Amino acid sequence: QVHFVESGGGLVQPGGSLRISCAASGFFLEDYAVGWFRQAPGKEREGVACIGSRDGSNYVADSVKGRFTISKDSALSTVYLQMNSLKPEDTAVYYCAADLERVSCSSRRWGTLGYWGQGTQVSVSS
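No experiment lies behind these values; they were computed from the predicted model shown.

Which parts of the structure should I look at to understand the pairing of strand S11 (residues 120-124)?
Within a regular beta strand, the side chains point alternately toward one face of the sheet and then the other, so they alternate between its two faces. Residues Thr120, Val122 and Val124 line the buried face of S11, whereas the alternating positions Gln121 and Ser123 sit on a face that is not buried. Note that strand S2 (residues 10-12) and S11 share 3 bridges and pair parallel. Across the sheet, residue Gly10 finds its bridge partner in S11, namely Val122. Pairing of strand S9 (residues 92-99) with S11, which is carried by 3 bridges, proceeds in the antiparallel orientation. Counted as the bridge partner of Val93 is Gln121 from S11.

Quick look at the structure:
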């Protein structure tokens, strides 16, 4: 009942673009900061981006800076990740989660993460 639902993944050629979505179900999106995470086979989970609930704070990881942008539509209770100039190393399952301990992304330290979605597969290959 209380979780995110990710969608929009797929197969993209290197240099291409994709926008994935994270829709909140059963809770108020504006109560939490929200993060995008990814995990590739054989690698540990990596935080990709964060967006605050009310103060407009946001950031992306150095590995995707200049290529990825996080945004949200409060009316649709949805957080987005716009991915441009995709590289093969971006291939992973992408997840979103709520930071249950904060509403701002003013720092890069994560609190307790919850409401994980099922993930959406992003594959970058020619």
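Having seen the structure, we can now continue with the description.
Even after reading the chapter, I still don't get the sheet that holds strand S7 (residues 68-73), so can you show me in this structure?
Hydrogen bonding along the main chain pairs the strands of a sheet, whether they run parallel or antiparallel. Within the open sheet, the 4 strands sit side by side as S1-S3-S8-S7. Their pairing is antiparallel. With partners counted over all chains shown, the strands left at the sheet margins are strand S1 (3-7) and S7, one partner each. Adjacent strand axes in the sheet meet at a mean angle of 20 degrees when their direction is disregarded.

Just to check I follow, could you spell out the packing of aromatic side chains for this structure?
Applying the stated criterion across every chain, the model contains 8 aromatic pairs. Arranged with centres 4.8 Å apart and planes meeting at 50 degrees, the rings of Phe37 and Trp110 form a pair that is tilted. Within this pair, whereas Phe37 is found in strand S4 (residues 33-39), its partner Trp110 is found in the loop between S9 and strand S10 (113-114), the two being separated by 73 residues in sequence. For Trp110, a relative accessible area of 28% puts it in the partly exposed group. Geometrically, the ring pair formed by Phe37 and Trp116 is tilted, given 5.2 Å between the ring centres and 55 degrees between the ring planes.

Looking at this model, I keep getting lost on unusual backbone geometry. Mind explaining?
With the exception of glycine, most residues fall at negative phi, and the peptide bonds are largely trans. Despite not being glycine, Ser77 shows a phi value in the positive range, around 50 degrees. Position of Ser77 relative to the elements: it lies in the loop between S7 and strand S8 (78-83). Although it is not a glycine, Tyr115 sits at a positive phi angle of roughly 60 degrees. Looking at where Tyr115 falls in the secondary structure, it is placed in the loop between S10 and S11.

How should the side chain of Thr78 be read in this particular structure?
Examined against the element boundaries, Thr78 turns out to sit in strand S8. Residue class for Thr78 comes out buried when judged on its relative accessible area of 8%. In terms of polar contacts, Thr78 uses its side chain to reach the backbone carbonyl oxygen of Leu76, at 2.8 Å. Discounting chain neighbours no more than four positions away, the residues touching Thr78 are Ser21, Cys22, Ala23, Leu29, Ser71, Lys72 and Asp73.

What counts as what
- Residues numbered from 1 in each chain as written.
- Predicted model: local features only at pLDDT ≥ 70, side-chain atom pairs only at ≥ 80, totals over all residues.
- Heavy atoms only, no water.
- Buried < 20%, exposed > 50% of the residue type's maximum accessible area, 1.4 Å probe, protein only.
- Helix = DSSP H or I, 4+ residues; strand = E, 2+ residues; numbered from the N terminus.
- Pairing = 2+ DSSP bridges.
- Axes fitted to C-alpha atoms, helices over the stretch in contact; angles between N-to-C directions.
- Phe/Tyr/Trp six-rings, centres within 6.5 Å; stacked < 30°, edge-to-face > 60°.
- Polar contact = N/O pair within 3.5 Å; in protein donor to acceptor, adjacent residues only side chain to side chain.
- Contact = heavy atoms within 4.5 Å.

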